[in-house]
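Structural overview for review
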Amino acid sequence: MKISDIKAGLKTKSLGCVIHCLDCVDSTNTYALKLAREGAPDGTVVISDQQTAGRGRLGRVWVSPPGVNIYMSVLLRPAIPPAEAPLCTLAAAAALTRAVRGLYGLAASIKWPNDMLINGLKAAGILTEMSSEHGRVRHIVVGVGIDVNMPRELFPDEIRHISTSIMLEYGGKVSRAGLIRRFLEEFERYYGFLAGRERERILDEWRAMSCTLGRKVRVVGVKGEKTGFARDIDDSGSLVLEVDGGGVETVTSADIFLL
Ligand code: BTN
């Protein structure tokens, strides 16, 4: 992919103002974090055709073969306190889900905290990393991995039954540059809500596209597992869980299984 492929027709003002298109990198998040420390501007985007050490949530590996998928990191410098940083992740998940619904008409939804599912199978994940100082965000890197034109045989055996790609659900290859453009445009709209402190709009649109809320779920976290009813997300994106047997808990970090 070339920068000109993405810039052609891109309608954003800040997101994608600077785009780094790489053939191969360890992790676009690691690369973007380095650019951030060197002073790169708000809205800088890093895209690589392949990653040799793609990182997922909870210390997992993100499988990143060449030529088929999107591995992208967006550097943000929002004027918000660190506690509000999860809103950037929610906004990215909502933006991606809107883009996939709008472009391909697919049944895309968000599984808490930030997986995009298509027809119930995972097609994308988001890893957000932040640096803060004196109660302010210095920078946030939102890393988005989308399985776009990935054939089934490239998924590792352990995750093949729970994974999919846009190509597999759509029934044909799609343009990676076109999806990146649409995502950046949708994401910029939500980013505007964050800056304008219209955070409720981000939360409401996330809720409307969620496949987790209103469902019975199993929550597997570091402190063990429990089942319950996923009632809502709170202002910081934590899951509000009505635990089986009584009580309401907020879950900040865990894996969720829909029951
Ligand atoms: C998840 O575990 O679901 C999150 C996966 C995030 C993967 C993306 S790919 C681009 C960016 N660079 C990384 O190393 N990780 C994120």
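Our subject is the structure listed above.
Below, the structure is looked at part by part. The structure presented is a predicted model; accordingly, all values stated were derived computationally and were not measured.

Turning next to the overall build of the protein chain. Secondary structure summary: the protein chain contains 7 helices and 12 strands in total. Relative to the globule expectation of 18 Å for 259 residues, the C-alpha radius of gyration of the protein chain, 17 Å, shows essentially globular dimensions. With respect to the principal axes defined by its C-alpha atoms, the protein chain has extents near 55 × 45 × 30 Å. Counting all 259 residues of the protein chain, 53% fall into the buried class. Once local pairs closer than 6 in sequence are excluded, the contacts in the protein chain between residues at least 24 apart make up 62%.

The environment of the ligand is formed by 20 residues, the closest being Ser-27, Gln-51, Arg-55, Arg-57 and Lys-122. Interatomic distance of 2.7 Å between a side-chain N/O atom of Ser-27 and an oxygen atom of the ligand. Note that a nitrogen atom of the ligand is positioned 3.1 Å from one of the side-chain N or O atoms of Thr-28. Bound to the protein, the ligand loses 98% of the 410 Å² it would expose on its own. For the shell around the ligand, the secondary-structure elements that each account for two or more residues are α2 (28-37), β3 (70-76), β6 (121-133) and β7 (136-146).

The subject of this paragraph is the environment of Gly-43. Turning to its location among the elements, Gly-43 is positioned in the loop between α2 and β2 (45-48). In sequence terms Gly-43 and Ala-177 are 134 residues apart; their C-alpha atoms lie 17 Å from each other.

Moving on to the pairing of β6. As paired strands, strand β5 (residues 115-118) and β6 are joined by 3 bridges and run antiparallel to one another. Across the sheet, Met-116 pairs through a bridge with Ala-124, a residue of β6. Hairpin connection of β6 to β7: 2 residues between the antiparallel strands, including His-134 at a positive phi of 50 degrees.

Under the 1.5 Å per step criterion, the end-to-end length of helix α6 (residues 176-195) is 28 Å for 20 residues, consistent within 8% with the ideal 28 Å. Extensive coverage of α6 is indicated by the burial of 15 of its 20 residues. The N-capping residue of α6, defined by a side-chain oxygen 3.4 Å from the backbone nitrogen of Ala-177, is Ser-175.

For the rest of this paragraph, the subject is the packing of aromatic side chains. Any pair of aromatic rings gets described here by the distance separating the centres and the angle formed by the planes. Tallying each qualifying case throughout the model produces 3 aromatic pairs. When the centroid spacing of 5.3 Å and the interplanar angle of 35 degrees are considered together, the rings of Phe-183 and Phe-187 count as tilted. Highlighted residues: Phe-183 and Phe-187, both in helix α6, separated by 4 residues, approximately one helical turn. On the basis of relative accessibility, which here comes to 0%, the residue Phe-183 falls in the buried class. Judged by centre distance (5.9 Å) and plane angle (90 degrees), the ring pair of Tyr-190 and Phe-193 falls under edge-to-face. A residue pair is termed a helical-turn pair when its members lie 3 or 4 positions apart in one helix, as Tyr-190 and Phe-193 do in helix α6 at 3 residues. The ring centre of Phe-257 lies 5.9 Å from the NZ or CZ of Lys-111, which sits over that ring. Taking NZ or CZ as reference, Arg-218 lies 4.9 Å from the ring centre of Phe-257, over its face.

Counted according to the given criterion, the structure contains 22 salt bridges. Through salt bridges with shared partners, a single ionic network connects Arg-98, Arg-182, Glu-186, Arg-189 and Glu-205.

Counting 66 residues, the largest nonpolar core has Val-100, Phe-183 and Phe-187 as its most contacted members. Among the elements that make up this core, the one with the highest residue count is helix α3 (residues 86-104) (12 residues). For Val-100, the residues in contact, after removing those within four places along its chain, are Gly-105, Leu-106, Ala-108, Met-116, Ile-118, Ile-166 and Leu-179.

What counts, and at which threshold
Residues numbered from 1 in each chain as written. Predicted model: local features only at pLDDT ≥ 70, side-chain atom pairs only at ≥ 80, totals over all residues. Heavy atoms only, no water. Helix = DSSP H or I, 4+ residues; strand = E, 2+ residues; numbered from the N terminus. Rg over C-alpha atoms; globule rule 2.2 N^0.38 Å. Buried < 20%, exposed > 50% of the residue type's maximum accessible area, 1.4 Å probe, protein only. Contact = heavy atoms within 4.5 Å. Near = heavy atom within 4 Å. Polar contact = N/O pair within 3.5 Å; in protein donor to acceptor, adjacent residues only side chain to side chain. Areas by Shrake-Rupley, 256 points an atom, 1.4 Å probe, with all protein chains shown as cover. Pairing = 2+ DSSP bridges. Expected span 1.5 Å × (residues − 1). Phe/Tyr/Trp six-rings, centres within 6.5 Å; stacked < 30°, edge-to-face > 60°. Lys NZ or Arg CZ within 6 Å of the ring centre and 35° of its normal. Salt bridge = Lys/Arg side-chain N within 4 Å of Asp/Glu carboxyl O. Core = buried A, V, L, I, M, F, W, Y, C linked by side-chain atoms within 4.5 Å.

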